[in-house]
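Listed below, chain by chain, are the residues.
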Amino acid sequence: MKQLPAEYYQLMEQLQAVDFVLVELTLYLDTHHNDLEAIHQFNHYVKEKKRIKKLFESQFGPLQQFGNSYSGYPWSWDDTPWPWQV
Amino acid sequence: MWIYEKKLQYPVRVSTCNPTLAKYLIEQYGGADGELAAALRYLNQRYTIPDKVIGLLTDIGTEEFAHLEMIATMVYKLTKDATPEQLKAAGLGEHYANHDGALFYQNAAGSPWTATYIQAKGDPIADLYEDIAAEEKARATYQWLIDLSDDPDLNDSLRFLREREIIHAQRFREAVEILKEEWDTKKVF
Amino acid sequence: MYTHLKFYHPFVSSFDPCKPILEKKYSTPPHLYIGFQPPNLPQFSPFEALKAGTLWKDFYDPWFNTYEKQMGGVLP
């Protein structure tokens, strides 16, 4: 049986936290186009998201496909686990 | 287009194998105020809403699909490996007869999802007021689900989803305010 | 203490068969009072925000069932 290491859950939660800030700021900016400080904060977390996504993917494979993530060899995008299985 | 991300919006854990809770939760999967209805409502209304709020409807509609996946995950985990006897004892015998352990877009009483749950009136205020009401109804549903549940891990995720309804309602209210402002208005004197 | 929970006391008849609930409550979450969100509202940290379900402290209004309330409720 394939077991996931603790780092999977830790890194995933780091990504979920940063991505959640980005979701919240996106909805906020949809109704507050001119909040410069919020836009600075948004761009800061975009950078942070890229960093964590890269780190996660280097250990656990691509998070997105259709070309939004690089692929290693062999193709592992459709490997388990899927999000509802973990 | 949409890009799938292999990640839940919020970590979902459940404490026990509990098909009874899954039966209740299906309300938010395929019920009138559930996540499927929410996603399809907003993503359909956006084609005929003023440009200023299309982005908001697109983004909230997209987030609803992430919530749909969270609900599916809860149902999946609460019923995974449950025996037909356990499902029968939870009142899911009828479900098992038709679907085995598969998920189905239906409400807690077993009525299949229907497009009559959602409206697109073409009038921006009417549509946004429906959206605000939908968020408040979904918030209330999460309250009653938390009241019914004795699973602390599940309630943690349900509280997250309930709080999202509050934020979405807030943004839809702001959208109404934006549409009340004068912009691009053809003035007739 | 101010709360977003509101209470009312419904009429109780001596012919009501179920044990009466003397006090009923309903939720009036913070967004009903805030209006258009002003800039620079205090925020949670990213991890706290994920746990709370919102980035902004002023919108945080969690719901706990009776059992959880007896256990003190869990705040981020």
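Residues numbered from 1 in each chain as written. Chains lettered and ligands numbered in written order. Predicted model: local features only at pLDDT ≥ 70, side-chain atom pairs only at ≥ 80, totals over all residues. Heavy atoms only, no water.

1. Quick notes on the overall build of chain A
Secondary structure assignment for chain A yields 2 helices and 0 strands. A compact globule built from 86 residues would reach a C-alpha radius of gyration of about 12 Å, whereas chain A, at 15 Å, exceeds it by more than 25%. When the backbone C-alpha atoms are referred to their principal axes, chain A occupies close to 50 × 25 × 20 Å. Every one of the 86 residues in chain A was classed for burial, and the buried ones make up 44%. Restricting the contact set of chain A to residue pairs at least 6 apart, pairs at least 24 apart contribute 51%. Just so you have it, chain A exposes about 5,300 Å², and 57% of that area is on carbon and sulfur atoms. (Helix = DSSP H or I, 4+ residues; strand = E, 2+ residues; numbered from the N terminus. Rg over C-alpha atoms; globule rule 2.2 N^0.38 Å. Buried < 20%, exposed > 50% of the residue type's maximum accessible area, 1.4 Å probe, protein only. Contact = heavy atoms within 4.5 Å. Areas by Shrake-Rupley, 256 points an atom, 1.4 Å probe, with all protein chains shown as cover.)

2. Things to note about helix H3 (residues 35-45) of chain B
All names here are of chain B. Taking burial as the measure, the 11 residues of H3 include 9 buried ones, the bulk of the element. Every buried residue of H3 is listed here: Glu 35, Leu 36, Ala 37, Ala 38, Ala 39, Arg 41, Tyr 42, Leu 43 and Gln 45. Buried-residue contacts for H3 involve helix H2 (27-30), helix H4 (54-79), helix H7 (124-148) and helix H8 (152-180).

3. A short note on the confidence of the model for chain C
Residue and element names in this part refer to chain C. On average, residues of chain C carry a pLDDT of 93, and 93% of them reach 70 or more. The secondary-structure element of chain C with the lowest mean pLDDT is helix H3 (residues 66-70), recorded at 90, while helix H2 (residues 46-52) shows the highest, at 98. Predicted complex, confidence summary: ipTM 0.96, pTM 0.96. (pLDDT = per-residue confidence, 0-100.)

4. Concerning the interface of chain C and chain B
In this complex, chain C contributes 21 residues to the contact, which on the side of chain B involves 26 residues. In this assembly, chain C packs against chain B so that about 2,000 Å² is buried in total across both faces, 52% of it on carbon and sulfur atoms. When the buried surface of chain C facing chain B is broken down by residue, His31(C), Phe36(C) and Trp63(C) rank first, second and third, together holding 33% of it. One can count 2 salt bridges joining chain C with chain B. The salt bridge partner of Arg159(B) is Glu68(C), with a shortest N-O separation of 3.0 Å. (Buried area = accessible area lost by both parts, 1.4 Å probe. Salt bridge = Lys/Arg side-chain N within 4 Å of Asp/Glu carboxyl O.)

5. What to know about the nonpolar core
Ranked by internal contacts, the top residues of the largest apolar core, which has 52 residues, are Leu25(B), Met74(B), Leu154(B) and Leu158(B). Elements supplying a minimum of two residues to this core: helix H1 (6-31) and helix H2 (36-60) of chain A, helix H1 (19-25), H4, H7 and H8 of chain B together with H2 of chain C. Among the elements that take part in this core, H1(A) stands out by supplying 12 residues, more than any other. Judged by nonpolar contacts, the second largest core, of 15 residues, contains Ile132(B), Ala175(B), Val176(B) and Leu179(B). (Core = buried A, V, L, I, M, F, W, Y, C linked by side-chain atoms within 4.5 Å.)

6. Details of the packing of H1(A) against H4(B)
With their axes 9 Å apart at the nearest point, H1(A) and H4(B) run at an angle of 160 degrees to one another. Taken together, H1(A) and H4(B) sit at an angle that is classed as roughly antiparallel. By crossing handedness, the relation of H1(A) to H4(B) is classed as left-handed. For the pair H1(A) and H4(B), the contacting residues are Val23(A), Thr26(A), Leu27(A), Asp30(A) and Thr31(A) in the first and Gly55(B), Leu56(B), Asp59(B), Ile60(B) and Glu63(B) in the second. For the contact of H1(A) with H4(B), a count of residues per class yields 4 nonpolar, 3 polar and 3 charged. (Axes fitted to C-alpha atoms, helices over the stretch in contact; angles between N-to-C directions. Parallel < 35°, antiparallel > 145°, perpendicular 65-115°, else oblique. Left-handed = near helix turned anticlockwise from the far one by under 90°. Nonpolar A, V, L, I, M, F, W, Y, C, P; charged D, E, K, R; others polar.)

7. Notes on a nonpolar patch on the surface
A surface patch of nonpolar side chains, amounting to about 400 Å² of accessible area, comprises Phe66(A), Met1(B) and Ile3(B). For Met1(B), the position within the fold is in the segment before H1. Its relative accessible area of 78% is what places Met1(B) among the exposed residues. (Patch = residues over 30% accessible without salt bridge, like charges linked within 9 Å, V, L, I, M, F, W, Y side chains within 5 Å.)

8. A look at the interface of chain A and chain B
If you look at the interface, chain A gives 32 residues, while chain B gives 29 residues. Interface area, chain A with chain B, both sides summed: about 2,400 Å², of which 59% is carbon and sulfur. Our count for the chain A to chain B interface comes out at 2 salt bridges. Between Asp19(A) and Lys7(B) there is a salt bridge; the shortest N-O distance is 2.7 Å. Ranked by residues supplied to the side of chain A that touches chain B, first place goes to H1(A) with 14 residues.

9. Comments concerning the packing of aromatic side chains
Considering all chains together, one arrives at 16 aromatic pairs over all chains under this definition. The interplanar angle of 80 degrees and the centroid separation of 5.9 Å between the aromatic rings of Trp144(B) and Trp63(C) together place this pair among those described as edge-to-face. Linking Trp144(B) in helix H7 with Trp63(C) in the loop between H2 and H3, this pair reaches from one chain into another. Its relative accessible area of 46% is what places Trp144(B) among the partly exposed residues. (Phe/Tyr/Trp six-rings, centres within 6.5 Å; stacked < 30°, edge-to-face > 60°.)

10. Observations regarding the side chain of Arg164(B)
For Arg164(B), the position within the fold is in helix H8. According to the relative accessible area criterion, Arg164(B) is buried, its value standing at 0%. In contact with Arg164(B), other than residues within four places in its own chain, are Phe20(A), Val23(A), Glu24(A), Leu27(A), Gln9(B), Glu63(B), His67(B), Gly53(C) and Thr54(C).

11. Observations regarding the environment of Pro62(A)
Relative to the helices and strands, Pro62(A) resides in the segment after H2. Taking the C-alpha atoms as reference points, Pro62(A) and Thr31(A), separated by 31 residues in sequence, lie 32 Å from one another. Excluding residues that lie within four positions of it along the chain, Pro62(A) makes contacts with Glu57(A), Ser69(A), Tyr70(A), Ser76(A), Trp77(A) and Lys6(B).

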